[in-house]
Amino acid sequence: MKSNLFLRVIILCFSIFFVQVDAVASLERQEVTNWAEQRGNELLEALSVRDVESKFQAVDQLFNNYVDTDYIARFVMGKYWTSMNSDEQQRFQHMFKQYALAVYKTYPLTLTDNVSFKIVKTTISGEHTAEVYAQIHFASLPQQDALQDIMVQFNIRESASGLKLVDLKIAESSLAVTYRRKFYQLMQEDDGEVSWFLEDFQQIIDSVERRNADYVNNGGAYSPNT
């Protein structure tokens, strides 16, 4: 039960909220806060949709609009990014977006709990960067439960198409850094060979997408063989 709640927090964090504007430095904190609350409520509404395919489409749209997967893809490859040629870099960015869109669908996406959130603080940290701190509240849990209220930090940056989410932190744990560790391990297992890595990564993506297709075809349930 608690693990499912935590996974729902990841969904909320990785898909939520940021307005497209000209520059972070010109933003008023209250403007960012108001918009974040609006986008968060849109996400909660999307996750409440009962039809699985419609729910995925709604969350995909939020993800595509407000998560900078190209930036995150460069970050997670870290020291290995420069070992790729331009074609391999573009291919990986495309694959990483496929992967990110596929992985979130493996999490529990039905909000059976009374979930709410509020923005606690907004910080303009640089000319093109900002952080928003939010508290996510699970009303169905007892007050003494450590998971009833979870604090989340959202890192955003200005891109050519507006502000985008590039990382989130829960209890000082960075999602982007966690992804970097995962891909470093995959590269090491493939002896640093980019072509092998991309081949193995595509197999991972294909496997997750097949599982998700099975989930949709079965009306929100996995078949015994997946």
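Everything numeric in this text was worked out from a predicted model, so none of it was measured.

Novice: Can you explain the confidence of the model for the chain? Please cite residues and give values.
Specialist: Interpretation of this model should avoid reading the predicted coordinates in detail wherever pLDDT is low. Across the chain, pLDDT averages 78, with 77% of residues at or above 70. When pLDDT is averaged over each helix and strand of the chain, the minimum, 50, is found for helix H1 (residues 2–15) and the maximum, 94, for helix H4 (residues 69–77). Ignoring residues within four places in sequence, the model shows residues 15–25, a span with pLDDT below 50, making 48 contacts including any to other chains.

Novice: Mind laying out the sheet that holds strand E4 (residues 162–170), listing which residues take part and the relevant values?
Specialist: Strands sit in the order E1-E2-E3-E4-E5 across an open sheet of five strands; the sheet is antiparallel. Either end of the sheet is taken by a strand with one partner, and the two such strands are strand E1 (115–124) and strand E5 (173–174). Relative to strand E3 (residues 149–159), strand E2 (residues 129–138) is paired through nine bridges, and the arrangement is antiparallel. When the sheet's bridge partners are listed, His137 is paired in E3 with Asp149.

Novice: Which residues make up the packing of helix H5 (residues 86–104) against helix H6 (residues 175–189), and what values go with them?
Specialist: At a closest axis distance of 14 Å, the pairing of H5 and H6 adopts a crossing angle of 120°. With respect to the hand of their crossing, H5 and H6 are arranged in right-handed fashion. Touching Phe92, Phe96, Tyr99 and Val103 of H5 are Tyr179, Lys182 and Phe183, all from H6. Per-class residue counts for the contact of H5 with H6 are six nonpolar, no polar and one charged.

Analysis parameters
- Residues numbered from 1 in each chain as written.
- Predicted model: local features only at pLDDT ≥ 70, side-chain atom pairs only at ≥ 80, totals over all residues.
- Heavy atoms only, no water.
- pLDDT = per-residue confidence, 0-100.
- Helix = DSSP H or I, 4+ residues; strand = E, 2+ residues; numbered from the N terminus.
- Contact = heavy atoms within 4.5 Å.
- Pairing = 2+ DSSP bridges.
- Axes fitted to C-alpha atoms, helices over the stretch in contact; angles between N-to-C directions.
- Left-handed = near helix turned anticlockwise from the far one by under 90°.
- Nonpolar A, V, L, I, M, F, W, Y, C, P; charged D, E, K, R; others polar.

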